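Observations on the three-dimensional arrangement
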Amino acid sequence: GRLGLVHMKQGKYEQALEHYHRALLLQEAALGEHHLEVAYLLKDMAYLYATLARYADAEGLYVRALSLLEGILGGEHPDVAMVRSGIAWVFFRQAKYQAAEKLYRDSLRVREKVLGTLSLDTARSYHELAELYAKNMSKYEEALMYTYRALEVRKKIVGRSPELARSLSQLAWLHFLQGDHEVSEVLQRQSIQMMSEALGPKHSKVAQCLHRLAVTYQRIGRPEEAEELFQQALGIRLGAFSATHPDCAQDYHSLAELALAAHKARNISGPSPDLDKSREYLIQASRILTERLGVSHPDAIVVNELHAEVRRMMADDDSEVDYSPPRSGGGMFG
């Protein structure tokens, strides 16, 4: 699995997966299916599948790894906590927030008990809970608290690093949610620079920071800069993932919003080039999210409702299948 690990750190996820599959076959043949090393390979493969948004595959492998590790190491081991966090991440990406929170909190409990608060694994738990709570503005204070905890630990232990860059990006996002756009921009730019230095400018984690900065520009009325960054993020993600990855839908959705805003600013009725662009982006986003996450996922609902609005504006209701379910909630990209 060493080559797989190298490719994984470089963001070459499909290549990494091929190496891990070969390594797993060899390890199972040499050591048996219930060996500790097999469990660790299963864990790493599950992470790769989750990164590629193949959530059913990821969950199945994580569950296998969890069963093996609990049997060998016991339920209070940090590596068991890591796998529980992995399963929680799979739930989080599918908007199963309550199930994710339960596992994240259990993982944090084990890490704080065994590793203490000054540990990168514990900081990872803080960061995970911060991301989760940022989805719900009523939990904003908890999100901010955990973001600062992760940030301080990462500053002390590793300094400038992808981990610290993720904390800066998360802090920037929280400032954005509170309307503090100037601070958000500064922090997000720091995050992009730090992440690019550590991982290279074409890494998928850089794309997420670029996307968040673009959302900030979109909000404060700088659409040209926002569009350039959304396109840059999309290009990175199309290179790192498949064209049907949900993260690509983030950028298609945002580009659609920009095009729709440009159409509305011209104060014209009926079709226009900008409205056509918006519709094409929304078709892409809708297909990805509906196929990969399901029609009831909050992000799919948001995109499908906007798609329906654009189609009404174009008076073209018969041209595409309407994927929209009954209105049942909202979603938030980020």
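The structure reproduced in this document is the subject of the present report. Here the residue numbering is sequential within each chain, running from 1 through the sequence in written order. In keeping with the predicted nature of the model, local features appear solely for residues at pLDDT of at least 70, side-chain atom pairs appear and are counted solely at 80 or more, and the whole-chain, interface and lining totals rest on all residues. Where side-chain values are given, they derive from all heavy atoms of the structure, hydrogens and water being excluded.

Quick look at the side chain of Thr-147
- Numbering of helices and strands runs from the N terminus; a helix is a DSSP stretch of H or I covering at least four residues, while a strand is a stretch of E covering at least two. Along the polypeptide, Thr-147 turns up in helix H8 (residues 140-157).
- A simple rule labels every residue: compare its accessible area, found with a 1.4 Å probe on the protein chains alone, to the largest value its type can have, and call it buried under 20%, exposed over 50%, or partly exposed in between. Judged by its relative accessible area of 2%, Thr-147 is buried.
- Pairs of residues are marked as contacts when any of their non-hydrogen atoms sit within 4.5 Å. Beyond its immediate sequence surroundings of up to four residues, Thr-147 is in contact with Ala-130, Ser-167, Gln-170, Leu-171 and Leu-174.

A few points about the pattern of salt bridges
- Only one rule defines a salt bridge in this text: a Lys or Arg side-chain nitrogen within 4 Å of an Asp or Glu carboxyl oxygen. Following the criterion strictly, the structure yields 22 salt bridges and no others.
- With a closest N to O distance of 2.9 Å, Lys-43 and Asp-44 form a salt bridge.
- Taking the shortest distance from any N to any O, the salt bridge between Asp-57 and Arg-54 comes out at 3.3 Å.
- In this structure Asp-57 comes out as partly exposed when scored by relative accessible area, which is 36%.

As for the state of the cysteines
- Any two cysteine sulfur atoms lying within 2.5 Å of each other are counted as a disulfide. Tallying each qualifying case throughout the model produces zero disulfides.
- Cys-209 takes part in no disulfide bond, and the closest cysteine sulfur, belonging to Cys-248, lies 16 Å away.
- Using a relative accessible area of 2% as the deciding quantity, one classes Cys-209 as buried.

Section: a nonpolar patch on the surface
- On the surface, a nonpolar cluster with roughly 230 Å² of combined accessible area is contributed by Leu-118, Ile-157 and Val-158.
- Within the secondary structure, Val-158 sits in the loop between H8 and helix H9 (162-177).
- Residue classification places Val-158 among the partly exposed positions, given a relative accessible area of 32%. Here the term patch refers to residues with relative accessible area over 30% and no salt bridge, with like charges joined within 9 Å and nonpolar side chains (Val, Leu, Ile, Met, Phe, Trp, Tyr) within 5 Å. Method for areas: the Shrake-Rupley scheme with a 1.4 Å probe, in which residue coverage is limited to the protein chains shown.

Quick word on unusual backbone geometry
- Although it is not a glycine, Ala-53 sits at a positive phi angle of roughly 65 degrees.
- Assignment of secondary structure puts Ala-53 in the loop between helix H3 (36-51) and helix H4 (55-73).
- Overall, the relative accessible area of 4% leaves Ala-53 in the buried class.
- Residue Asn-267 is not a glycine yet carries a positive backbone phi of 55 degrees.
- Relative to the helices and strands, Asn-267 resides in the loop between helix H13 (246-265) and helix H14 (273-292).

Quick notes on helix H15 (residues 298-314)
- Helix span, expected: 1.5 Å multiplied by one less than the number of residues in the helix. Under the 1.5 Å per step criterion, the end-to-end length of H15 is 25 Å for 17 residues, consistent within 8% with the ideal 24 Å.
- When H15 is considered as a whole, its buried residues turn out to be Pro-298, Asp-299, Ala-300, Ile-301, Val-303, Asn-304, Leu-306, His-307, Ala-308, Val-310, Arg-311 and Met-314.
- Its buried side turned inward, H15 meets H13 and H14.
- Phi turns positive one or two residues past the end of H15, at Ala-315, with a value near 55 degrees.

Regarding the packing of H3 against H4
- Interhelical geometry of H3 versus H4 gives an angle of 155 degrees and a closest axis separation of 8 Å. Here H3 lies roughly antiparallel to H4, going by the angle between them. With respect to the hand of their crossing, H3 and H4 are arranged in left-handed fashion. Note on element contacts: H4 touches H3 through Tyr-55, Asp-57, Ala-58, Leu-61, Tyr-62, Arg-64, Ala-65, Leu-68, Leu-69, Ile-72 and Leu-73, opposite Leu-36, Val-38, Ala-39, Tyr-40, Leu-42, Lys-43, Met-45, Ala-46, Tyr-47, Tyr-49 and Ala-50.
- Of the residues assigned to the contact of H3 with H4, the class counts are 19 nonpolar, no polar and three charged. Axes here mean lines fitted to C-alpha atoms, for a helix over just the part in contact, with angles spanning 0 to 180 degrees between N-to-C directions. Here roughly perpendicular refers to angles of 65 to 115 degrees, roughly parallel to angles under 35, roughly antiparallel to angles over 145, and oblique to all remaining angles. Whether a crossing is left-handed or right-handed is set by the direction in which the near helix is turned from the far one by less than a right angle, anticlockwise for left-handed and clockwise for right-handed. For this scheme, ten residues count as nonpolar: Ala, Val, Leu, Ile, Met, Phe, Trp, Tyr, Cys and Pro. Four count as charged, namely Asp, Glu, Lys and Arg, and the remainder, Gly too, count as polar.

A short note on the environment of Ala-256
- Secondary-structure assignment places Ala-256 in helix H13.
- Along the sequence, Ala-256 and Ser-278 sit 22 residues apart, while their C-alpha atoms lie 4.0 Å from each other.
- Excluding anything up to four places from it in sequence, Ala-256 contacts Ser-278, Tyr-281 and Leu-282.

Side note on helix H12 (residues 223-240)
- Helix length check: H12, at 18 residues, gives a terminal C-alpha distance of 25 Å against a target of 26 Å (1.5 Å per residue), a fit within 8%.
- For H12, the set of buried residues is Ala-226, Leu-229, Phe-230, Ala-233, Leu-234, Ile-236, Arg-237 and Ala-240. Seen end-on, H12 carries its buried residues on one side only, within an arc spanning 165 degrees. Counted as exposed and oriented over 90 degrees from the buried face of H12: Glu-224, Glu-228 and Gly-239. Read the arc as the range of directions from the helix axis to the C-beta atoms.

Focus on the side chain of Ser-119
- Locating Ser-119 in the fold gives a position in the loop between helix H6 (97-115) and helix H7 (120-133).
- A polar contact is formed between the side chain of Ser-119 and the backbone nitrogen of Asp-121, at a distance of 3.2 Å. In the analysis that follows, any N or O atom pair within 3.5 Å is treated as a polar contact, provided that within protein one partner can donate a hydrogen and the other can accept it, and provided that, for residues neighboring in sequence, both atoms belong to side chains.

Quick word on the packing of aromatic side chains
- Under the pairing criterion, centres of Phe, Tyr and Trp rings, with the six-membered ring standing for Trp, must be within 6.5 Å; the plane angle then separates stacked pairs below 30 degrees from edge-to-face pairs above 60, leaving the rest tilted. Considering all chains together, one arrives at six aromatic pairs under this definition.
- Ring centres 5.7 Å apart and planes at 25 degrees place the aromatic pair Tyr-47 and Trp-89 in the stacked group. Linking Tyr-47 in helix H3 with Trp-89 in helix H5 (residues 78-93), this pair joins segments that are 42 residues apart in sequence.
- Exposure remark for Tyr-47: the relative accessible area of 26% places this residue in the partly exposed category.
- An aromatic cluster is built from Tyr-126, Tyr-133 and Tyr-146, whose rings are joined through pairwise contacts.
- Over the ring of Tyr-126 we find Arg-149, and its NZ or CZ is 5.6 Å from the ring centre. A ring is considered to have a charge above it if a Lys NZ or an Arg CZ atom is located within 6 Å of its centre and within 35 degrees of its normal.

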